[in-house]
Amino acid sequence: MELNVYNTPFKKKKPFVPLNGNKVGMYVCGVTVYDMCHIGHARSLMVFDIISRYLRRKGYDLTYVRNFTDIDDKIIARANALETSYREVADRYIDEFNTDMEILGVRHADIEPKATDHIGDIIEMVRILVEKGLAYRAEDGSVYFSVAKFKGYGSLSGRRIEEMIAGARVDIGELKRDPLDFALWKASKVGEPSWDSPWSKGRPGWHIECSAMSTRFLGPTLDIHGGGRDLIFPHHENETAQSEGAYGVPFVRNWIHNGFVTVNGEKMSKSLGNFMTIRELTRDVHPEVLRLLVLSNHYRSPIDFSRDALNTSRNSLVRFYEMLDRVNRATATGDASRLEAHIGTFLAAIDEAMADDFNTARAMASLHDLTTKVNRSLDNDPRLSEGDRRQLARAVEEIVEVFGILAEDPGLFLDTVKRGDVQETGLSEQEILRLIDERNQARKAKDFKRADEIRDTLKAKGIQLKDSPGGTLWEKKP
RNA sequence: GGCGGCAUAGCCAAGUGGUAAGGCGACGGUCUGCAAAACCGUUAUUCACCGGUUCAAAUCCGGUUGCCGCCUCCA
């Protein structure tokens, strides 16, 4: 299936054609490490995790680069507030980030460069821009990019220079020649971390690090550059100006921007204070539930985050795992395959969905279809052939590899997720089991009144019973 | 103010020209002592509104309304 990808500046999908045959270079803007990551970050990280997994599965020779911005105003501010060094702040939150990614099952990028490890590359790039007359040194030793000198500024975000001038502003103390100019190199004040450069002791501006590091690892033209929608302007616009200004070749062949996580329709962000950190959420929500929520929406659409939305995802995930659990429990039969055709259809459907601009929502619909078909088949005949078991294992492997869900043992997953925190019910597991036992004795004695009474009591405490051939099971209803 | 995006059933959500995926919920059925789960069936003649193009429009064009984002740090 031919891969079609939506490209931000063209506003439409087109066939994905890497610059060099099968090789794909993908750069995604990572995080600024000054605080814990929230669910909005999680979505972006998951989206590109899934895209990278799919590209690899598709056979592309992918090099995925995701940076850490480890020097910046906010990191310095945080370090000052904590009376520590910028380095300690950055390193601490890089550790926290890595822990979050491990929790979320987001794989490491191939290369995860830090801005401060590439000061030399950054200075070299700024030097080229100054040499070409696209940048200038201001009085204080800072270096600014001269926006007016770069033709094509605004083409990514669809803005014209004249339109931007009105809205532009200049901070006090900035020595720009033009309000639209942006800093490539910031001269440092006393006490701030700094590096030597031909212009001043200082530190890199935000935008230049991505240009410098992406070029270092992937060359001057990227096949894919990704990030959140909010980075389109000015960050990605500025990266384009820097890179194309310096090297004279197209910077990015495919811009991919993910939609926001919103809360009550508003963007989740630090400044609005309506955020929830990854760590907080995953204390009582299984990471795959969040992943399924992300997968159930198209990557460019907003996701309105709520407990309700989370619950819906949880229920779907439980449905998938219960199907897998049934499969595991099914007795063997030597009969011919009943599921092979369904599984073939499913695998083709998810590839088709993903090849169409990474349409994970459609892929999840196919997974629901497959689940229904497997359940139906097992309703008709609870036995399963070896061939079907193998095919199904293959399908699950594909799901795990591309989407990062259904990676857990079904029995274990259902235990932890369905039973959750027993404490909340006000009963101990022992008490629950005792009541179930008492109810089953009543049932045996055909005392259904007493049996139903017990079931209702448990239900009132949020515990749902399920009588199955193997005995009575219980779960906590969210 | 400028630029951009979105508007699909009770809710969530796919769908960019060929006659509305999927999930949740609800209702009916099979199964069950009764439930739960699973399965089967029903649940949008219609895609914010008004015009237009077309044999054909949720999809394209123009306008209106509402919501959101960017223009300052932001995934």
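Predicted model, so just to flag it, every value in this text is computed and none were measured.

A. Representation of the sheet that holds strand β8 (residues 202–204) in the model. Within the open sheet, the four strands sit side by side as β5-β6-β7-β8. Their pairing is antiparallel. Strands with a single pairing partner mark the edges of an open sheet, and in this sheet they are β5 (135–137) and β8. Neighbour to neighbour, the strand axes of the sheet diverge by 20° on average, direction disregarded. Pairing between β5 and strand β6 (residues 143–145): three bridges, direction antiparallel. Within the sheet, the bridge partner assigned to Tyr-136 lies in β6 and is Tyr-144.

B. Structural view of the protein's contact with RNA strand B. Contacts to RNA strand B come from 53 residues, most closely from Lys-74, Trp-206, Gly-228, Leu-231 and Arg-455. The separation between a phosphate oxygen of RNA strand B and a polar side-chain atom of Arg-376 is 2.5 Å. The backbone of Asp-467 places a nitrogen or oxygen atom 2.9 Å from a base nitrogen of RNA strand B. When contributions to the surface near RNA strand B are tallied by element, the ones reaching two or more residues are α1 (39–57), β9 (222–228), β12 (266–267), α10 (307–329), α12 (360–380), α15 (429–444), α16 (448–460) and β16 (463–468). A total of eight residues in the surface near RNA strand B trace back to one element, the largest contributor, which is α12. A class-by-class count of the residues in the surface near RNA strand B yields nine nonpolar, 22 polar and 22 charged.

C. Structural detail: the environment of Leu-414. Along the chain, the position of Leu-414 falls in helix α14 (residues 410–419). Separated by 210 residues in sequence, Leu-414 and Pro-204 place their C-alpha atoms 49 Å apart. Contact partners of Leu-414, with chain neighbours within four places excluded, come to Val-318, Tyr-321, Glu-322, Asp-325 and Arg-419.

D. The pattern of salt bridges, seen in detail. Within this structure, the stated rule accounts for 42 salt bridges. Across the salt bridge formed by Lys-13 and Asp-356, the nearest N and O atoms sit 2.9 Å from each other. One end of the pair, Lys-13, is in strand β2 (residues 12–15); the other, Asp-356, is in the loop between α11 (340–355) and α12, and 343 residues separate them in sequence. Residues Arg-291 and Asp-49 are paired through a salt bridge, measuring 2.8 Å at the closest nitrogen-oxygen approach. Residue Arg-291 is located in helix α9 (residues 287–295), and its partner Asp-49 is located in helix α1; the two are separated by 242 residues in the primary sequence.

E. Local environment of the sheet that holds β9. Reading across from one edge, β4-β3-β9-β10 is the order of the four strands in this open sheet, with parallel pairing throughout. Unpaired on one side and paired on the other, β4 (61–66) and β10 (252–258) mark the two borders of the sheet. Here the strands of the sheet are splayed against their neighbours by 20° on average, with no regard to which way each runs. Pairing of strand β3 (residues 23–28) with β4, which is carried by six bridges, proceeds in the parallel orientation. Its bridge partner lying in β4, Lys-23 is registered against Asp-61. Each of β3, β4 and β9 is contacted by helix α6 (residues 206–218), which is oriented at about 160° to β3, the strand it contacts most. Where helix α7 (residues 232–247) meets the sheet, it contacts β9 and β10, and its direction lies at approximately 160° from that of β9.

F. Molecular detail of the pairing of β2. Alignment of strand β1 (residues 4–7) against β2, held across four bridges, turns out to be antiparallel. Each residue of the ladder has a partner; that of Tyr-6, found in β2, is Lys-13. If you look at the hairpin formed by β1 and β2, you'll find four residues sitting between the two strands, and Lys-11 has a positive phi there, around 60°.

G. Molecular detail of the pairing of β10. By the criterion of burial, β10 is predominantly enclosed, with six of the seven residues buried. As judged from the six bridges shared by β9 and β10, these two strands associate in the parallel manner. Within β10, the residue paired with Leu-222 across the bridge is Val-252.

H. Spatial organisation of the domain arrangement of chain A. One can read the domain layout of chain A as domain 1 (19–267), domain 2 (305–411) and domain 3 (420–476). Just the C-alpha atoms count here: the centres of domain 1 and domain 3 sit 56 Å apart.

I. Layout of the packing of aromatic side chains. Enumeration over the complete set of coordinates arrives at 11 aromatic pairs. With a centroid separation of 5.5 Å and 85° between ring planes, the pair formed by Phe-16 and Tyr-60 is classed as edge-to-face. Here Tyr-60 lies in the loop between α1 and β4 and Phe-16 lies in the loop between β2 and β3, a separation of 44 residues in the sequence. Note on Phe-16: relative accessible area 6%, which makes it buried. Classification of Tyr-60 as buried rests on a relative accessible area of 17%. Members of the aromatic cluster, connected to one another through ring pairs, are Tyr-54, Tyr-299 and Phe-358. When the ring centre of Phe-275 is taken as reference, the NZ or CZ atom of Lys-270 above it lies at 5.7 Å. We note Arg-300 situated over the ring of Tyr-299; from NZ or CZ to the ring centre the distance is 5.7 Å.

The rules behind each value
Every chain is numbered independently, its residues counted from 1 as its sequence is written. All chains are assigned letters beginning with A, and all ligands numbers beginning with 1, in the order in which they are written. This being a predicted model, a pLDDT of at least 70 is required before a residue's local features are given, and a value of 80 or more before pairs of side-chain atoms are given or counted; all residues contribute to the totals for chains, interfaces and linings. Side-chain figures throughout are based on the complete set of non-hydrogen atoms in the structure, without hydrogens or water. If DSSP finds at least two bridges between two strands, the strands pair. Segments assigned H or I by DSSP are reported as helices when at least four residues long, segments assigned E as strands when at least two residues long, and all are numbered from the N terminus. Only the contacting stretch of a helix is used when fitting its axis, a line to C-alpha atoms as for every element, and angles between N-to-C directions run 0 to 180 degrees. When we say a residue is near a molecule or strand, we mean one of its heavy atoms is within 4 Å of it. Any N or O atom pair separated by 3.5 Å or less is treated as a polar contact, with the protein-specific requirement of one donor-capable and one acceptor-capable atom, and with residues adjacent in sequence counted only for side-chain atom pairs. Each residue is assigned to one of three groups, with Ala, Val, Leu, Ile, Met, Phe, Trp, Tyr, Cys and Pro labelled nonpolar, Asp, Glu, Lys and Arg labelled charged, and all others, Gly among them, labelled polar. Contacts: residue pairs with any heavy atoms within 4.5 Å of one another. One speaks of a salt bridge when a side-chain nitrogen belonging to Lys or Arg is within 4 Å of a carboxyl oxygen belonging to Asp or Glu. Three exposure classes are used, based on accessible area relative to the maximum for each residue type with a 1.4 Å probe and protein chains only: buried under 20%, partly exposed in between, and exposed over 50%. Domain start and end points were adopted from an automatic or database domain assignment. Any two of the Phe, Tyr and Trp rings considered here, Trp counted by its six-membered ring, make a pair once their centres fall within 6.5 Å; the pair's planes then place it as stacked at under 30 degrees, edge-to-face at over 60, or tilted in between. By definition, being over a ring means that NZ of Lys or CZ of Arg is both within 6 Å of the ring centre and within 35 degrees of the ring normal.

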